[in-house]
Amino acid sequence: MKGKIKIMNKPKIVRLTFALASLFAVTLASGPSMQSAVDEPQASPQLRYTVIDLGPRVANAIGESGRIVGTTLFGAEIHAAYWDNSQSPPIDLGTLPGFTQSFAADINPRREIVGAAGFFPTFRPLFWASSQSAPVELPGVPVGLFGGAGHINPVGQIVGTFNSEDFSVQRAVFWPNSNAAPIFLPELSNELPHSLGAVINASGNIIGDGCDADFVECHAAFWASSTSTPVALASPGGQFIYTDILLSGGVSSPMNNAGSIVGYAYNADFSESRAVFWARSTSPAVILSTAGEFINGGAGAISDKGQIVGEAYNSDFSDLHALCGRVLPVRGSI
């Protein structure tokens, strides 16, 4: 994911290559959805859940069947890990010869896994045909560049990012399959030369971003296919002139299979941000309402049913809440 760390002054939304976000998996046992993303606020229901400790390090993605991939300690080494379910012990996915570390970023329904070997920022992109397979390096990394694979769709198409060690180059890339040469995704513009490939859905649509040379101004970007000209997703207007996506792992992503997208918009000095929804890549940006004083933040993932999760900060960014809601179509608004 993001090769160069970008930290907003107040929201502290950190953009980091293949961000590893969680030390344990949370399984919801029951309970209705929380605050609606576009409705009037409702009373918070009682939420029943179970927290299952998967061990040291992180879990990055969980499939619809409950299979989990991430990173954990095997002896003294940090390796990519696979859990068949939340009750299973982790399986060591290994790493490339000559490397001591690896991590797994995503798993698809065919149990194919992608990730990277090595240390930030000098990663090498990895592919596992299954949890029982040895990792292989994805082909085509140019000399002088590094990178990793961040997402794999149900048919085995992969997206990721290549970068130079000094981040003077950072480009979103696409592999048609694990044996094919990578394709550099077209840039948003000459003014936004850096790009990130974050998610590819079942239709081959890709979501990511494009940033300026200093990784300050960024815009959420959509590629209809690996060869199409990218579209910068619309900003909500007003002071919220820039857009981007949160890098959240899990069973869902910033884009669902219907092509709806979520992310955030922020102002020029990063002092405010808002969760944003796009019904399609060509749709206007809709700012999602949040609860009470928690107006800042962003939407991280959207399911095929329109359920959205994200994070919200209060006005001075001293308190953070997790939010969940659902997009309810309103006639004439989307």
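How each quantity is defined
Residues numbered from 1 in each chain as written. Predicted model: local features only at pLDDT ≥ 70, side-chain atom pairs only at ≥ 80, totals over all residues. Heavy atoms only, no water. Buried < 20%, exposed > 50% of the residue type's maximum accessible area, 1.4 Å probe, protein only. Helix = DSSP H or I, 4+ residues; strand = E, 2+ residues; numbered from the N terminus. Pairing = 2+ DSSP bridges. Disulfide = S-S within 2.5 Å. Salt bridge = Lys/Arg side-chain N within 4 Å of Asp/Glu carboxyl O. Core = buried A, V, L, I, M, F, W, Y, C linked by side-chain atoms within 4.5 Å. Contact = heavy atoms within 4.5 Å. pLDDT = per-residue confidence, 0-100.

With 5 of its 5 residues buried, strand S11 (residues 124–128) lies for the most part within the structure. The alternating pattern of S11 places Arg124, Leu126 and Trp128 and Pro125 and Phe127 on opposite faces, both of which are buried. Sheet analysis places strand S10 (residues 113–117) next to S11, joined by 5 bridges and oriented antiparallel. From the neighbouring strand, Ala116 faces S11, where its bridge partner is Pro125. When S11 meets strand S12 (residues 136–137), the two strands line up antiparallel, connected through 2 bridges. Opposite Phe127, over in S12, you have Val136 as the bridge partner.

Our next topic: the state of the cysteines. For the structure on display, the rule yields 1 disulfide. A sulfur-sulfur separation of 2.0 Å characterises the disulfide bridge that pairs Cys211 with Cys218. Handedness of the Cys211-Cys218 disulfide follows from its S-S torsion of about 105 degrees: it is right-handed. Side by side, Cys211 and Cys218 carry an identical accessibility label, which is buried.

The subject of this paragraph is the pattern of salt bridges. Scanning the entire structure with this criterion turns up 5 salt bridges. The partner of Glu137 in a salt bridge is Arg124, with the nearest N and O atoms 2.8 Å apart. Of the two residues, Glu137 is situated in strand S12 and Arg124 in strand S11; the sequence distance between them amounts to 13 residues. Owing to a relative accessible area of 18%, Arg124 belongs among the buried residues under this scheme. Glu187 is the partner of Arg171 in a salt bridge, and the nearest nitrogen-oxygen pair spans 3.5 Å.

On to the nonpolar core. When a protein is soluble and globular, its nonpolar side chains tend to lie buried together. Of all hydrophobic cores here, the largest spans 15 residues; its most connected members are Ile207, Phe222, Leu233, Met255, Ile261 and Trp278. Contributing elements (two or more residues each) for this core: strand S17 (194–200), strand S19 (218–223), strand S22 (261–266) and strand S23 (273–278). When residues of this core are assigned to their parent elements, the largest contribution, 3 residues, is made by S17. When neighbours within four sequence positions are excluded, Trp278 is seen to be in contact with Ala220, Leu233, Ala234, Thr243, Ser260, Ile261, Val262, Gly263, Ser283, Pro284 and Ala285. Counting 12 residues, the second largest nonpolar core, distinct from the first, contains Tyr82, Ile107, Ile113 and Leu126.

So, on to unusual backbone geometry. Peptide bonds are, in most cases, trans, and in most cases residues other than glycine have a negative phi. Omega for the peptide link from Phe120 to Pro121 comes to 5 degrees, which places this bond in the cis form. Looking at where Pro121 falls in the secondary structure, it is placed in the loop between S10 and S11. Within the chain, Phe167 stands out as a residue other than glycine whose phi angle is a positive 65 degrees. Its place among the elements puts Phe167 in the loop between strand S14 (158–164) and strand S15 (170–175). Since its relative accessible area comes to 14%, Phe167 is described here as buried. Positioned with a positive phi, Phe270 is a non-glycine residue whose angle comes to about 65 degrees. With respect to the helices, strands and loops of the structure, Phe270 is situated in the loop between S22 and S23. Given a relative accessible area of 11%, Phe270 falls into the buried group.

Reading across the sheet, the 4 strands line up as S17-S18-S19-S20 and stay open at both edges, with antiparallel pairing between neighbours. A single partner strand is all that each edge strand has here, and the edge strands are S17 and strand S20 (231–232).

For the rest of this paragraph, the subject is the confidence of the model for the chain. Confidence along the chain averages 80 in pLDDT terms, with 78% of residues attaining 70 or more. Taking the mean pLDDT of every element in the chain, the minimum, 24, falls on strand S3 (residues 25–30) and the maximum, 98, on S12. Here residues 1–45 is modelled with pLDDT under 50, and outside its nearest four sequence neighbours on either side it reaches 138 contacts, counting other chains as well. Contacts of residues 330–334 to residues separated by more than four positions or lying in other chains number 4 contacts, the stretch itself having pLDDT below 50.

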